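Residue-level structure breakdown
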Amino acid sequence: MRRWIRSAALATTVVLALAACGGGGDAGGDAGTGDVPLEDQTLTISNWDAYTPEGLIEAFEEETGVDVTLALHTTNEDLVGKIQAAQGGGFDLVFISGNYLQTLIDQGWAAEIDHDLIPNLANLHPEANELGYDPGNRYSVPYTWGTTGVCYRSDLVEDEPTSWTIFHDPPADLVGKMTMLGTNPWLLEPALRSLGFSLNTTDPAEIEAATRWTIEAKENLKGFDDTTFYSELVAGNTWLAQAWDGWCNYGIAEDPNIRFVVPEEGSALWTDTMVILASSENKEAAHAFIDFVLRPENGKAVAELVYYKVPNRAAMEQLDPKLLEQFPNLGIPPSELLTYESLRDPGEAISLWTDAAAKIKSA
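Presented here is an overview of the structure given in this document.

Cut-offs applied
Residues numbered from 1 in each chain as written. Predicted model: local features only at pLDDT ≥ 70, side-chain atom pairs only at ≥ 80, totals over all residues. Heavy atoms only, no water. Helix = DSSP H or I, 4+ residues; strand = E, 2+ residues; numbered from the N terminus. Polar contact = N/O pair within 3.5 Å; in protein donor to acceptor, adjacent residues only side chain to side chain. Contact = heavy atoms within 4.5 Å. Axes fitted to C-alpha atoms, helices over the stretch in contact; angles between N-to-C directions. Parallel < 35°, antiparallel > 145°, perpendicular 65-115°, else oblique. Left-handed = near helix turned anticlockwise from the far one by under 90°. Nonpolar A, V, L, I, M, F, W, Y, C, P; charged D, E, K, R; others polar. Buried < 20%, exposed > 50% of the residue type's maximum accessible area, 1.4 Å probe, protein only. Pairing = 2+ DSSP bridges.

Let us look at the side chain of histidine 287. Within the fold, histidine 287 resides in helix α9 (residues 283–293). Looking at histidine 287, its side chain comes within polar contact range of the main-chain oxygen of lysine 283, at 2.7 Å. Leaving out residues up to four positions away in the same chain, histidine 287 has contacts with Glu112, Ile113, Asp114, Leu117, Ile118 and Ile276.

Here it is, written out as structure tokens:
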């Protein structure tokens, strides 16, 4: 789940494959480019910073002749605001989290994916076609996926934290040494999981109960931290934190005493996706870029860069076993990921979540 700039990224060079890009054929009217040759098309892409492997865009440009401009957004909300300001345009291809996709669909901003133009979709795990926010990948193609859990210092925390209730009912030595994620939907996750509620609940009573739980848990926290928790774990200022799996890996890379565990109550399945905008006049090039990203060597470069799992089975099979040994959560299989709850857009209930966050922060 990419929301902020990563402080340090592994420099990864993408292998320039010699085979022709799978989206290079004539896409016809469905691709929205008419008779414009692929090499005469351009692409404007928006992605999070440090989320595109070094050399990937240059390799695509060299192979296809497509001129690519990469723009950056800081959050999903930032991106949606930019698209709205451009009346549904501004970009050809955007990287956005799956639980924000429904907004793009409802507004008519997301184009349907032409699967015939992306033969490398065959590299995806079968489970990557079963994601609740977009079954069959009709409007999006998954880029990375993962979960949340507890990231902790095994040399400072006596027992492995196996339950989300650790934040509400911690041992005395952890009081003031824990942090939770401070933004929705993550803010209410420990409470909702502990109380047995859905992470996608729109029930006011359940959200209110989770709000009370979180306000009580707040008394045990050092604070809410979405940006520095892994470096604080490395420094020993924080002993235990609610965390995205990949961000916990950034800490593990610096201190092997840091561990990641998914609590027994389960967790969320988040996915970052690639979406072509309906307004794009370069849809053939956009499909070609997605196909290029899905090549095994390029998917492998993504995983090596961000330390997140990718839904590209062929890419994951190419990862160095030593990397999986260093970061065990990279090895969580898709069958397990699919047992976690796929995040969705709360729709009109977003106001309930926003109000809950305000209550918790002001308590």
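Take the packing of helix α6 (residues 204–218) against helix α14 (residues 350–362) next. Relative orientation of the contacting elements α6 and α14 amounts to 20°, with a least axis distance of 9 Å. As the angle between them shows, α6 and α14 are arranged roughly parallel. Handedness of the crossing formed by α6 with α14: right-handed. Across the interface between the two elements, Pro204, Ile207, Glu208, Thr211, Thr214, Ile215 and Lys218 of α6 pack against Leu352, Trp353, Ala356, Lys359, Ile360, Lys361 and Ser362 of α14. Considered class by class, the residues forming the contact of α6 with α14 number seven nonpolar, three polar and four charged.

In this structure, aspartate 226 sits in the loop between β6 (223–224) and α7 (229–235). Look at aspartate 226 and you get buried, because its relative accessible area is 9%. The spatial distance from the C-alpha of aspartate 226 to the C-alpha of tryptophan 247 is 9.7 Å, given a sequence separation of 21 residues. Polar side-chain contacts of aspartate 226 include one of 2.6 Å to the backbone nitrogen of glycine 182. Looking at aspartate 226, its side chain comes within polar contact range of the side chain of threonine 183, at 2.7 Å.

Moving on, we come to the pairing of strand β9 (residues 268–276). In terms of burial, β9 is a largely internal element, nine of the nine residues being buried. Here β9 shows no split at all, with Ala268, Trp270, Asp272, Met274 and Ile276 on one side and Leu269, Thr271, Thr273 and Val275 on the other all buried. By the bridge criterion, five bridges tie strand β3 (residues 93–97) to β9 in an arrangement that is antiparallel. Residue pairing in the sheet places phenylalanine 95 in a bridge with methionine 274 of β9.

Note that every value here comes from positions in space, so none of it alone points to a role or purpose.
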